[in-house]
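# Secondary and tertiary structure notes
What follows is the residue order along each chain.
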Amino acid sequence: MYKAAVVGDRESISGFAALGLSVFPVSSADETAKLVNRLAENNFAVIYITEAAAAEIDDTIAKYRNRRLPAIILIPAISGNTGNGMKNLHEAVEKAVGSDILN
């Protein structure tokens, strides 16, 4: 059975536990990269990661970009939205349908 995870700073992700998602607080880029790799190897189909945490591990996220699983979805952190999540969504839609239909 596939699972979903939320990765990021403790303050931004703690509320997701109430939704039944597995919550993984991280505090460094190295820790985040290792965790994302471990989750990908252990049946996590969706990994939500805060934009701030994702910005620190671009290479790790790029490794999974063209794979079917896991889907890595950027979400805003409690400190605010950087716009990277929406940018990635626009890129994915454009890749899937041939044009950016979200604008």
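Residues numbered from 1 in each chain as written. Predicted model: local features only at pLDDT ≥ 70, side-chain atom pairs only at ≥ 80, totals over all residues. Heavy atoms only, no water.

This brings us to the side chain of Thr-32. Note that Thr-32 resides in helix α2 (residues 29-41). Using a relative accessible area of 0% as the deciding quantity, one classes Thr-32 as buried. Excluding its chain neighbours within four sequence positions, the residues that come into contact with Thr-32 are Val-7, Val-26, Ile-49, Ala-53 and Ile-57. (Helix = DSSP H or I, 4+ residues; strand = E, 2+ residues; numbered from the N terminus. Buried < 20%, exposed > 50% of the residue type's maximum accessible area, 1.4 Å probe, protein only. Contact = heavy atoms within 4.5 Å.)

A complete count under the given rule lists 1 salt bridge for this structure. Across the salt bridge formed by Lys-34 and Asp-30, the nearest N and O atoms sit 3.2 Å from each other. With Lys-34 and Asp-30 both in helix α2 and 4 residues apart, the pair spans about one turn of that helix. You'll find Lys-34 and Asp-30 in the same group, each marked exposed. (Salt bridge = Lys/Arg side-chain N within 4 Å of Asp/Glu carboxyl O.)

Here we come to the environment of Glu-51. In this fold, Glu-51 is placed in helix α3 (residues 51-55). By relative accessible area, Glu-51 is classed as buried at 3%. Taking C-alpha positions, Glu-51 is 9.0 Å from Ile-73, a pair spaced 22 residues apart along the chain.

A few words on the pairing of strand β1 (residues 3-8). As paired strands, β1 and strand β3 (residues 44-50) are joined by 5 bridges and run parallel to one another. Within the sheet, the bridge partner assigned to Val-6 lies in β3 and is Tyr-48. Both β1 and strand β2 (residues 22-25) contribute to a ladder of 4 bridges, which runs parallel. Within β2, the residue paired with Val-7 across the bridge is Phe-24. (Pairing = 2+ DSSP bridges.)

Next up on the list: the sheet that holds β2. Across the sheet, which stays open at both edges, the 4 strands sit in the order β2-β1-β3-β4 with parallel pairing between neighbours. Whereas interior strands pair on both sides, the edge strands pair on one side only; in this sheet they are β2 and β4 (71-75). Direction aside, neighbouring strands of the sheet carry axes that sit 20 degrees apart on average. Against the sheet, α2 touches β1, β2, β3 and β4, its axis set at about 160 degrees to β3. (Axes fitted to C-alpha atoms, helices over the stretch in contact; angles between N-to-C directions.)

Take the environment of Lys-34 next. Looking at Lys-34, the relative accessible area reads 53%, which means it is exposed. The spatial distance from the C-alpha of Lys-34 to the C-alpha of Thr-60 is 8.8 Å, given a sequence separation of 26 residues.

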